[in-house]
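A closer look at the structure
As a plain string of letters, each chain reads:
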Amino acid sequence: MKKKMPYYRKKKVYGFLFITPWLLGFLSFFAVPFVQSCLYAFQELETTPQGMVGTWIGMDNFSYALFRDTDFLIQCANSLKDLITVPLILVYSVCFALLLKKEYPGRTTMRAIAFLPVIIGSGVLMDIMKQDVFSTGVKGAETVYLFSGGGLTGVFSAMGLPMNMIEFINNVISKIFDLTWRSGVQILLFLAGLHNIPSYVYEAAEIEGANALEQFFKITLPMLTPMILLNVVYSVIDIFSDFGNSIIQMIYNTAFNSVRFGYSSALSILYFLMIMAVLVILYLVMKRFIVHPED
């Protein structure tokens, strides 16, 4: 009689099957450019009629970035500041996922709207929309009062609000727009985590007299900790890989404007290592708080 595969081993097999498309895509399209970039980082490249010619210079590009190029370290520090938005994204995503889990008319439409920015949007489009809608007005829509004069700034100025209050309101609106745009995947993952929590756990809690707030902090939040870790990793990578990120702009300009492909590759490797270090630190801090449902 053939022995059945244990459940924990089935989960591992399913996990490998799910990441197989990504592994195939990485090996087919990204592995060779990644290795090539690593080799470029140790060379000084020059463009010639025959193509790019590299001269091996060892660690010179890395030492220049770390000890002589002060702008690189400043841009790294500025990138780390963006991590403050990760807790906001998580809180916003959890609240939105809790709303989408409830049964009410139009729930499917709301779920589609929540994920729509991930499908149609990009970081560049988000910046354009934020600037146009909330600041300077949408081009071609000057006849609409909301988008004339200065967008919402013009509306608030006409109301007689002081400029510092107008700036505060615009910043809040911009943050809400940014959070909505960045939270589509996180909301979907939290929603999957909420559906994975057995209903009998909540029934037992109600019998014991636990109210909704106690159920959230004692059941929902602990059971969502694996998804919280996953969303933290995704959000950090999403923020660091945004094309509007200042250090990515620096790497791009170094390569294609200054034509320093070797130095740009070194900056990319250092930035990659910085992201990996941040993720490792976050994982080591959070892993002790992870609650696995099967436990």
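All of the points below concern the structure found in this document.

**Details of the side chain of Ser265**
Here Ser265 shows up in helix H14 (residues 261-286). Under the relative-accessibility criterion, Ser265 is labelled buried at 10%. Setting aside residues up to four positions removed in sequence, Ser265 forms contacts with Ser37, Tyr40 and Ala41.

**A closer look at the pairing of strand S1 (residues 43-48)**
Strand direction decides the pairing type here: S1 and strand S2 (residues 51-56), joined by six bridges, are antiparallel. By the bridge assignment for S2, Thr48 is matched with Gly51. In textbook terms, the turn of a hairpin is the stretch between consecutive antiparallel strands, and for S1 and S2 this stretch comprises two residues.

**Digging into the packing of aromatic side chains**
Applying the stated criterion to the full structure yields 10 aromatic pairs. An angle of 65° between the planes, with centres 5.9 Å apart, marks the rings of Phe34 and Phe272 as edge-to-face. In this pair, Phe34 is assigned in helix H1 (residues 7-40) and Phe272 in helix H14, connecting sequence segments 238 residues apart. Look at Phe272 and you get partly exposed, because its relative accessible area is 39%. Taken together, a centroid distance of 5.6 Å and an interplanar angle of 10° make the contact between Phe42 and Trp56 stacked. Note that Phe42 is positioned in the loop between H1 and S1 and Trp56 in strand S2, a separation of 14 residues in sequence. For Phe42, a relative accessible area of 24% translates into the label partly exposed. Through pairs of rings, three or more aromatic residues link up here, namely Phe42, Trp56 and Phe62.

**Notes on the side chain of Ser264**
With respect to the secondary-structure elements, Ser264 resides in helix H14. For Ser264, a relative accessible area of 6% puts it in the buried group. Here the side chain of Ser264 touches Ile251 through a polar contact of 3.0 Å, landing on its backbone oxygen. In this view, Ser264 contacts Ile251, Thr254 and Ala255; residues no more than four positions away in its chain are not counted.

Calculation notes
Residues numbered from 1 in each chain as written. Predicted model: local features only at pLDDT ≥ 70, side-chain atom pairs only at ≥ 80, totals over all residues. Heavy atoms only, no water. Helix = DSSP H or I, 4+ residues; strand = E, 2+ residues; numbered from the N terminus. Buried < 20%, exposed > 50% of the residue type's maximum accessible area, 1.4 Å probe, protein only. Contact = heavy atoms within 4.5 Å. Pairing = 2+ DSSP bridges. Phe/Tyr/Trp six-rings, centres within 6.5 Å; stacked < 30°, edge-to-face > 60°. Polar contact = N/O pair within 3.5 Å; in protein donor to acceptor, adjacent residues only side chain to side chain.

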